[in-house]
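The chain contents come next:
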Amino acid sequence: MTDAKKFDPKKRKKLNNPIRLEWIPPALVWSLINPGTGSTFVDIGAGTGYLTNKIGLLAGPAIEIHALDIEPLMIAEMRQTLPAESTIIPQLMEKDRLPFADNSIDGIWLITLFHELEPPEPLLAEIHRVLRPGCRMLIVDWEKDTAACEQGPPFAHRIAADTALQTVTAAGFADVRQVPGFHFHYGILAQA
Ligand SMILES: C[S@@+](CC[C@H](N)C(=O)[O-])C[C@H]1O[C@@H](n2cnc3c(N)ncnc32)[C@H](O)[C@@H]1O
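The sections below set out a description of the structure shown in this document. (Residues numbered from 1 in each chain as written. Predicted model: local features only at pLDDT ≥ 70, side-chain atom pairs only at ≥ 80, totals over all residues. Heavy atoms only, no water.)

### Let's talk about the packing of helix 2 (residues 26-33) against helix 3 (residues 50-59)
Then, in step 1: Interaxial distance between helix 2 and helix 3 falls to 9 Å at its minimum, and their mutual angle equals 60 degrees. Judged by the inter-axis angle, helix 2 sits oblique to helix 3. Like other packed secondary-structure pairs, helix 2 and helix 3 cross with a definite hand, here right-handed. Mapping the contact onto sequence places Pro26, Ala27, Val29 and Trp30 in helix 2 and Lys54, Ile55, Leu58 and Ala59 in helix 3.
Then, in step 2: Of the residues assigned to the contact of helix 2 with helix 3, the class counts are seven nonpolar, no polar and one charged. (Axes fitted to C-alpha atoms, helices over the stretch in contact; angles between N-to-C directions. Helix = DSSP H or I, 4+ residues; strand = E, 2+ residues; numbered from the N terminus. Parallel < 35°, antiparallel > 145°, perpendicular 65-115°, else oblique. Left-handed = near helix turned anticlockwise from the far one by under 90°. Contact = heavy atoms within 4.5 Å. Nonpolar A, V, L, I, M, F, W, Y, C, P; charged D, E, K, R; others polar.)

Written out as structure tokens, the structure is:
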């Protein structure tokens, strides 16, 4: 296990590029992750919180969103830059450990984190543990095919959508499927 694929926090301003809102529409993420009446959500590997904030604006102030990252610099950045009225909760996490009780979370998303997980199985098991039965996980990550965007991580670091589907299915999730609507990225939706 290495940190070779981990995003370099010195490059964090790249995450705030508005073009990403077209590639990964926050409204699509929110509609996929919250089809019902959930109230407590988690963004794992939230980075600067740029997308988390946009999703939080759509969710509204009654919804609690925990923005987790293993990188202290990202947590500090979120605390400095999230709007004062934001209800998003930045939270440092330990690798592969989610600071929540079993069956306590209504939805979890991971945006451009999956390809950095070496290996992904321990975090997937934690996600399965904390999600309420029937609640959803959404993975959005970089397409690996050669027509995909050249921005983003090296092609060798990317995980193909088929491989991600198989890994999530093997981790015990139900109704695992690829969802359309992301550009240069794929979406994988699954239920605990
Ligand atoms: C490419 S950035 C994406 C940030 C954000 N999701 C976005 O799309 O704007 C990946 C983030 O995941 C964090 N990260 C890397 N490995 C992690 C892990 N095992 N658990 C939680 N966060 C992790 C990194 O520190 C980084 O902030």
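Picking up where we left off.
### Examining the pairing of strand 4 (residues 105-111)
Then, in step 1: Of all seven residues in strand 4, seven are buried; the element is thus mostly enclosed.
Then, in step 2: Bridge count between strand 1 (residues 40-44) and strand 4: four bridges; the pairing is parallel. Following the sheet pairing, Asp43 is matched in strand 4 by Trp109.
Then, in step 3: Taken together, strand 4, helix 5 (residues 121-130) and strand 5 (residues 131-142) form a β-α-β motif whose crossover is right-handed. (Buried < 20%, exposed > 50% of the residue type's maximum accessible area, 1.4 Å probe, protein only. Pairing = 2+ DSSP bridges. Right-handed = clockwise from strand over helix to strand, strands pointing away.)

### Focus on the sheet that holds strand 1
Then, in step 1: Reading across from one edge, 3-2-1-4-5-7-6 is the order of the seven strands in this open sheet, with mixed pairing throughout. Two strands in the sheet have a free side with no partner beyond their single neighbour: strand 3 (88-92) and strand 6 (174-179). Mean inter-strand twist for the sheet, computed between neighbouring axes without regard to direction, equals 20 degrees.
Then, in step 2: Here strand 1 pairs with strand 2 (residues 64-69) via five bridges, running parallel.

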